[in-house]
There are 2 protein chains.
Amino acid sequence: MTDLTLYSMPSSGNSYKVRMLLSFLGLPYRHVGMEYETPELAKAHETSTLPLGKLPTLELADGTRLPESNAILCYLAEGTDWMPTDPIQRAKTLAWMFWEQNQHEGTIAVRAALLVYESRKHLATPERLAELLDAGHQRLAQMNSHLSEHDWIGGGAPSVADISLYAYTHSAGTKGGFDLDQFPNVLAWLDRFAALPNHVALDEIPA
Amino acid sequence: MTDLTLYSMPSSGNSYKVRMLLSFLGLPYRHVGMEYETPELAKAHETSTLPLGKLPTLELADGTRLPESNAILCYLAEGTDWMPTDPIQRAKTLAWMFWEQNQHEGTIAVRAALLVYESRKHLATPERLAELLDAGHQRLAQMNSHLSEHDWIGGGAPSVADISLYAYTHSAGTKGGFDLDQFPNVLAWLDRFAALPNHVALDEIPA
């Protein structure tokens, strides 16, 4: 018996973010998987059951459905250690999360999607892949520089900003073809994050 | 005498968001303009004075510099009517703001930038412009559908989500070449928003 239902795409980093935070917080939830390019997801789009047409969507006990991974993280984290209370720390945490959606996801996740999903492969021209590789490495260099002075993205403790950026960074090498070895602070941060209690891997999907 | 300094790009919708909220809130600030493709901005990049390398950046009285337009909006709006206090309304407001950075800015603002900024014009191929036109119209259709049932993006009152989405939507036709006449609810919302007390236009830059 649980109050929360998560509609999530098992292979997607955006959906993975919410599964991670629910695990860190020890919150039970019902998981409804909708994989990319499946009839389930096509039907959800046809019937407009997902707000903004996107996964993940978190359904609350009263039936309210909340979209957008980073907004769901903020909602669940409020009042916990995962969201800073200090206004400036909060602003910096949110800044990295907006940066994630605008600068990081659009290069690092997009390059992986072009390489992994069958229906995107026609878009994976050499020019586009080269452009995304270069842009993604620039983003990783920004993270590497920041992490030379901070253990965690938001500052002194793990926060929703770390969850948000871990989701697609941890697989940037294996799925996106980025060279993470150039960014030792990013690699050390990925290891620190994966060692946190109740961390779950991308493929650890609740039954 | 003022405690706030805003580093902003006069032509940029992201910077415009913060100038709007500062005006709505009646907060005085020092304005430092750094236009695209100018020596001032090049120098700021070389000397890494802008966090995350981006405009706008808000500098507080103690010298703290906050980047990312939507994060700055959240910081300034906290405790005012521009940020809902109800957790679900807050989550929905943030959802639209993350959507703005991921789905809206990357199509609607990007198409305008390809058409307007000299250094981007080589990227403005017919295929890319057609792809962005189609994607942008899809985003505007989503807003139009939402605004058929709501006066404001966040729900019952103007919020930071309206500011965030107004910034690039108001010029989507004139700069981006999108056909706003297809989206009457969006047009009506733009008019409602522009009629709010202390609304400022993009080119009303403080001295």
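Computed from a prediction, not measured in an experiment: that's the story for all the values here.

A.B. asks: Please clarify how the sheet that holds strand 3 (residues 57–59) of chain A should be interpreted in this entry.
C.D. replies: Strand-to-strand pairing in sheets goes through backbone hydrogen bonds, with the strands running parallel or antiparallel. All names here are of chain A. Spatial strand order, 2-1-3-4: four strands in an open sheet with mixed pairing. Each edge of the open sheet carries a strand with a single partner, namely strand 2 (30–33) and strand 4 (65–67). The mean angle between the axes of side-by-side strands here comes to 20°, regardless of whether they run parallel or antiparallel. Two elements, strand 1 (residues 5–8) and strand 3, share three bridges in a ladder whose sense is antiparallel. When the sheet's bridge partners are listed, Tyr7 is paired in strand 3 with Thr57. The strands touched by helix 3 (residues 69–77) within the sheet are strand 3 and strand 4, with strand 4 carrying the most contacts at an inclination of about 120°.

A.B. asks: What is the right way to read the pairing of strand 1 of chain A from this model?
C.D. replies: Note on strand geometry: in a regular strand, side chains alternate between the two faces of the sheet. Residues Thr5 and Tyr7 of chain A of strand 1 of chain A are buried on one face, and the alternating residues Leu6 and Ser8 of chain A, pointing to the opposite face, are buried as well. Since strand 1 of chain A and strand 2 of chain A lie parallel, the crossover through helix 1 (residues 13–24) of chain A that links them has a hand, and here it is right-handed.

A.B. asks: What is the right way to read the relation of the copies chain A and chain B from this model?
C.D. replies: For the pair chain A and chain B, the superposition axis carries a translation of 0.0 Å, the fit reaches an RMSD of 0.0 Å, and the rotation angle comes to 180°. The operation mapping one copy onto its partner corresponds to a two-fold rotation axis. Residue Asn102 of chain A of chain A places its C-alpha closer to the rotation axis than any other residue of that unit, at 2.6 Å. Mapped onto chain B, 100% of the interface residues of chain A again fall at the interface, so both copies present the same surface.

A.B. asks: I would appreciate a short explanation of the side chain of Glu105 of chain B in the present structure.
C.D. replies: Take Glu105 of chain B: it is sitting in helix 4 (residues 87–116). Within the buried core, Glu105 of chain B has no salt-bridge partner, and the shortest N-O distance to an opposite charge, that of Lys54 of chain B, equals 6.5 Å. Other than its neighbours up to four places away in sequence, Glu105 of chain B contacts Asn102 of chain A together with Asn14, Glu100, Val110 and Tyr168 of chain B.

A.B. asks: Looking at this model, I keep getting lost on the pattern of salt bridges. Mind explaining?
C.D. replies: Pairing is possible between side chains that carry opposite charge, provided their charged atoms lie close to one another. Residues and elements named next belong to chain A. Tallied over the full model, the rule gives 12 salt bridges over all chains. Where Lys17 meets Glu100, a salt bridge forms, and the shortest distance between an N and an O atom there is 2.9 Å. Of this pair, Lys17 sits in helix 1 while Glu100 sits in helix 4 (residues 87–116); the two residues are 83 residues apart in sequence, bridging distant segments of the chain.

A.B. asks: Before we go on, may I ask you to explain empty space enclosed by the protein in this structure?
C.D. replies: The rolling of a water-molecule-sized probe over the atoms marks out the regions of remaining empty space. Residues and elements named next belong to chain B. Within this structure, the stated rule accounts for one cavity of 30 Å³ or more. Taken as a whole, the largest cavity encloses approximately 30 Å³ of empty space. Lining the largest cavity we find Asn14, Lys54, Leu55, Pro56, Glu68 and Ser69. Its residues assigned to classes, the lining of the largest cavity shows two nonpolar, two polar and two charged.

A.B. asks: So what exactly am I meant to see when it comes to the confidence of the model for chain A here?
C.D. replies: Taken as a whole, chain A shows an average pLDDT of 94; of its residues, 99% reach a score of 70 or greater. The complex model carries a pTM of 0.96, and its ipTM stands at 0.96.

A.B. asks: Explanation requested: the domain arrangement of chain A in the structure shown.
C.D. replies: By a frequent convention, interface size equals the accessible area lost on bringing the separate parts together. All names here are of chain A. The domain architecture assigned to chain A consists of domain 1 (5–77) and domain 2 (87–194). Taking only C-alpha atoms, the centre of domain 1 and the centre of domain 2 are 21 Å apart. The interface is formed by 18 residues belonging to domain 1 together with 18 residues belonging to domain 2. Between domain 1 and domain 2 lies a buried interface of about 1,400 Å² when both sides are counted; carbon and sulfur atoms form 59% of it.

A.B. asks: In this structure, what is going on with the interface of chain A and chain B? I would like to understand it.
C.D. replies: On the chain B side, the residues contacting the 30 residues of chain A number 30 residues. Put simply, chain A and chain B have zero salt bridges between them. Elements supplying a minimum of two residues to the side of chain A that touches chain B: strand 4, helix 3 and helix 4 of chain A. Here the side of chain A that touches chain B gets 15 residues from one element, more than from any other, and that element is helix 4 of chain A. Taken together, the residues that form the side of chain A that touches chain B break down as 16 nonpolar, seven polar and seven charged.

Conventions we followed
The residue numbering used here restarts from 1 in each chain and proceeds along that chain's sequence as written. Each chain is given a letter, starting from A, and each ligand a number, starting from 1, according to the order in which they appear as written. Totals for whole chains, interfaces and linings use all residues, but because this is a predicted model, local features are given only for residues with pLDDT of at least 70 and pairs of side-chain atoms are given and counted only at 80 or more. With hydrogens and water excluded, all non-hydrogen atoms of the structure serve as input to the side-chain values. Only strands joined by at least two bridges in the DSSP assignment are considered to pair. Under the DSSP-based scheme used, a helix requires at least four consecutive residues in state H or I and a strand at least two consecutive residues in state E, with every element numbered from the N terminus. Between the N-to-C directions of two axes lies an angle of 0 to 180 degrees, each axis being a line fitted to C-alpha atoms and, for a helix, fitted only over the stretch in contact. Residue contacts are defined here by distance: any two heavy atoms, one from each residue, within 4.5 Å place the two residues in contact. Accessibility here uses a 1.4 Å probe with only protein chains present; expressed as a share of the type maximum, an area under 20% marks a residue as buried, one over 50% as exposed, and anything in between as partly exposed. Note on handedness: a crossover is taken as right-handed if, strands pointing away from the viewer, the path from the first strand over the helix to the second is clockwise. Copies overlap after least-squares fitting; the atoms used are the C-alpha atoms of residues with pLDDT of at least 70 in both. Note that His is not counted, nor are the chain ends; the positive residues are Lys and Arg, and the negative ones are Asp and Glu. For this document, the term salt bridge refers to a Lys or Arg side-chain nitrogen within 4 Å of an Asp or Glu carboxyl oxygen. Lining residues are defined by having an atom within 4 Å of a point belonging to a cavity or pocket. Those points lie on a 1 Å grid over the protein atoms alone, cavities being sets where a 1.4 Å probe fits but cannot get out and pockets being open sets with protein on both sides within 12 Å along at least five of seven lines. Grid points are joined across faces, edges and corners, and a volume is the space filled by probe spheres set on the points. Three classes are used, and their members are as follows: Ala, Val, Leu, Ile, Met, Phe, Trp, Tyr, Cys and Pro are nonpolar, Asp, Glu, Lys and Arg are charged, and the others, Gly among them, are polar. Confidence of the prediction at every residue is given by pLDDT, a number between 0 and 100. Domain start and stop positions are those given by an automatic or database domain assignment. A 1.4 Å probe defines the accessible area here, and the buried area is the portion of it lost by two parts on being joined, summed over both.

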